[in-house]
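Residue-level listing of the chains:
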Amino acid sequence: VGEGFTLGHFSEDPGEGDRVPVLLSNKPAFDSGEDLVQVYSQPNYHDFDPSGIVLYCFAVFYGMIIGDAGYGLISLALTVFLHRKVKSRSPLWIRFRRLCYCLSFSVLFFGVISASYFGIFLSAENPLNKVLLLDLNTKEGLNLVMLISIIMGMVHLSIALGIKFYRTRDIPALGWIIVIWSGYFLLNSKMGKGEENPVAMYIAIAGIALVVLFTSKSRNPILRFLMGLNGALGVVQLLADILSYMRLFALGLATMYMCQTFNMLAKMPYEGLPYVGFIPAVVILVFGHGINLALGIMGGVVHGLRLNFLEWYRWCFEGDGLTFKPFRKISKQV
């Protein structure tokens, strides 16, 4: 500091209603999630940073919605091309590039385990079928993917409730986790054997009891019980949020059917027009799969983020934070 210049500094702890600026700072493996989080709302000072969880859950949802290895290879090729052509060292570009790699590998993974390659049917002897885990062309496979979508929702919401319980010791959050999983085993036993699982039923009742007894902190037992009953109505919202994850199954199935439809449309002129039939067939394939990929990307982004921002945030995240903007020199006086 130069002579004759005085620098003063004063600081104090934030008050109850103060909006304290928040700066997100994550390791490279998680920092791409910061941009996703800020699409919806910045965490507040008393909140937690969900960047890492949002990033990888979004990648899983996105990959499952598109779920075609051919589209995954196209996305990966475009990402590699941009990586080599764009020489920018901007932190925003680097984070976006990492995100594109993550999403491309997720789409590729789900495409491989569902043996979907531009919607082309593979023969039973094809070696690519050795890693087929999710067969969308059979009734059993469709039921399995539907069940996986619901279980993913249960796990995702349980993580949210677990975070809430860990940070605030909110007993109802623990009760809802118990309700989620005991309810699953109760329904599973009833649908599989035609009889209820008494252990799961008692555990579910215990979970609801935690919600009823600890939703309110009032010392008036009647008021506390009534407010607890009102809190227990949240089971409707919880069930709706879990079922909302079935969009992963529905959108993934739509992407595959669109692939197969464009393949069928291209096959018609190819077989019906001798010598020149391949020209309209190629046009149909390029434009058809291009449109389908674009729709898949839009659906993957919108619905993949929605499951984080609405269904997941509802149970653990407050948001409405103030973004930290450091002092910086804007212009230089001449």
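Our subject is the structure listed above.
A.B. asks: What am I meant to see in the packing of helix H1 (residues 32–40) against helix H4 (residues 91–113) here?
C.D. replies: A pair of packed helices is characterised by two quantities: the angle between their axes and the separation of those axes. As a packed pair, H1 and H4 sit with axes 8 Å apart at the nearest point and diverge in direction by 95 degrees. Here H1 lies roughly perpendicular to H4, going by the angle between them. On the side of H1, the interface is formed by Ser32, Asp35 and Leu36, while H4 contributes Leu92, Arg95, Arg98 and Leu99. Classifying every residue of the contact of H1 with H4 gives 3 nonpolar, 1 polar and 3 charged.

A.B. asks: Please clarify how the packing of aromatic side chains should be interpreted in this entry.
C.D. replies: Two numbers describe a pair of aromatic rings. These are the distance of the centres and the angle of the planes. Using the criterion set out here, one finds 16 aromatic pairs in the structure. Measuring from centroid to centroid gives 6.4 Å for Trp181 and Tyr184, while their planes differ by 75 degrees, and the two rings are edge-to-face. Of this pair, Trp181 and Tyr184 both sit in helix H6 (residues 171–193), 3 residues apart, which is roughly one turn of that helix. For the ring pair Tyr184 and Phe185, a centre distance of 5.2 Å and an interplane angle of 70 degrees mean the geometry is edge-to-face. Taken together, the ring pairs connect Tyr40, Phe48, Phe309, Trp312, Tyr313 and Phe317 into an aromatic cluster. One Lys or Arg, Arg169, reaches over the ring of Phe165 and ends 6.0 Å from the middle of that ring.

A.B. asks: Even after reading the chapter, I still don't get unusual backbone geometry, so can you show me in this structure?
C.D. replies: Phi is positive for Arg169, close to 55 degrees, though the residue is something other than glycine. Assignment of secondary structure puts Arg169 in the loop between helix H5 (139–168) and H6. Relative accessible area serves as the criterion here: at 53%, Arg169 is assigned to the exposed category. Positive phi is not limited to glycine here, since Tyr275 has a value of about 70 degrees. Tracing the backbone shows Tyr275 in the loop between helix H10 (246–272) and helix H11 (278–312).

A.B. asks: Explain the side chain of Asp31 here, please?
C.D. replies: Positionally, Asp31 belongs in the loop between strand E1 (21–22) and H1. Within the structure, Asp31 has its side chain in polar contact with the side chain of Arg98 (distance 3.0 Å). The contacts of Asp31, once residues within four sequence positions are left out, are Asn26, Arg95 and Arg98.

A.B. asks: So what exactly am I meant to see when it comes to the nonpolar core here?
C.D. replies: Within soluble globular proteins, side chains that are nonpolar generally end up buried alongside one another. In terms of nonpolar packing, the biggest core is built from 54 residues, with Leu248 and Trp312 touching the most fellow members. Elements with a minimum of two residues in this core: H1, helix H2 (51–66), H4, H5, H6, helix H9 (234–243), H10 and H11. Residue contributions to this core peak at 10 residues, all from H2. Those residues in contact with Trp312 that sit more than four places away from it in its chain are Phe48, Pro50, Ile53, Val54, His156, Leu157, Ile159, Ala160, Ile163, Tyr245 and Leu307.

Definitions and cut-offs
- Residues numbered from 1 in each chain as written.
- Predicted model: local features only at pLDDT ≥ 70, side-chain atom pairs only at ≥ 80, totals over all residues.
- Heavy atoms only, no water.
- Axes fitted to C-alpha atoms, helices over the stretch in contact; angles between N-to-C directions.
- Helix = DSSP H or I, 4+ residues; strand = E, 2+ residues; numbered from the N terminus.
- Parallel < 35°, antiparallel > 145°, perpendicular 65-115°, else oblique.
- Contact = heavy atoms within 4.5 Å.
- Nonpolar A, V, L, I, M, F, W, Y, C, P; charged D, E, K, R; others polar.
- Phe/Tyr/Trp six-rings, centres within 6.5 Å; stacked < 30°, edge-to-face > 60°.
- Lys NZ or Arg CZ within 6 Å of the ring centre and 35° of its normal.
- Buried < 20%, exposed > 50% of the residue type's maximum accessible area, 1.4 Å probe, protein only.
- Polar contact = N/O pair within 3.5 Å; in protein donor to acceptor, adjacent residues only side chain to side chain.
- Core = buried A, V, L, I, M, F, W, Y, C linked by side-chain atoms within 4.5 Å.

In short, the description is geometric, and any link to function would need to be established separately.
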